Amino acid sequence: MIECELCGVSAPSDELPLTWVMTLERGLITHYCDRCARDNVRNIEGRLDRTYW
Ligand SMILES: [Zn+2]
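Every value quoted in this text rests on a predicted model; they were computed, and no experiment measured them. (Residues numbered from 1 in each chain as written. Predicted model: local features only at pLDDT ≥ 70, side-chain atom pairs only at ≥ 80, totals over all residues. Heavy atoms only, no water.)

## Quick word on the coordination of the zinc ion
Then, in step 1: Taken together, the protein donors to the zinc ion comprise Cys4 (SG), Cys7 (SG), Cys33 (SG) and Cys36 (SG), at separations of 2.2 to 2.3 Å.
Then, in step 2: Of note is the zinc ion, whose 4 donor atoms meet at the metal with angles of 105 to 115° in an arrangement that counts as tetrahedral.
Then, in step 3: Within one chain, the residues serving as donors to the zinc ion are arranged as C-x2-C-x25-C-x2-C. In this pair, Cys7 is assigned in the segment before β1 (21–25) and Cys36 in helix α1 (residues 34–52), connecting sequence segments 29 residues apart. (Donors = N, O, S within 2.8 Å, 3.2 Å for Na, K, Ca; no water. Tetrahedral: all angles 85-135°; square planar, octahedral: opposite > 155°, others 65-115°. Helix = DSSP H or I, 4+ residues; strand = E, 2+ residues; numbered from the N terminus.)

In structure tokens form, the structure reads like this:
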């Protein structure tokens, strides 16, 4: 089951919805629902940028 890391809502299916975001943090796959992803997109992208550089 796929659950949002922030609000804990479950995805409607076993597959990751297109509107959800999947990130890889410290070797752990983390999922964010569409709402949380939108609220945290800057934080998520900021972390990715730091990882790349
Ligand atoms: Zn959420």
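## Some details on the environment of Leu6
Then, in step 1: On the secondary structure map, Leu6 appears in the segment before β1.
Then, in step 2: For Leu6, a relative accessible area of 47% puts it in the partly exposed group.
Then, in step 3: Expressed as a C-alpha distance, the spacing of Leu6 and Asn40, which sit 34 residues apart in the sequence, is 9.8 Å.
Then, in step 4: Those residues in contact with Leu6 that sit more than four places away from it in its chain are Tyr32, Cys36 and Asn40. (Buried < 20%, exposed > 50% of the residue type's maximum accessible area, 1.4 Å probe, protein only. Contact = heavy atoms within 4.5 Å.)

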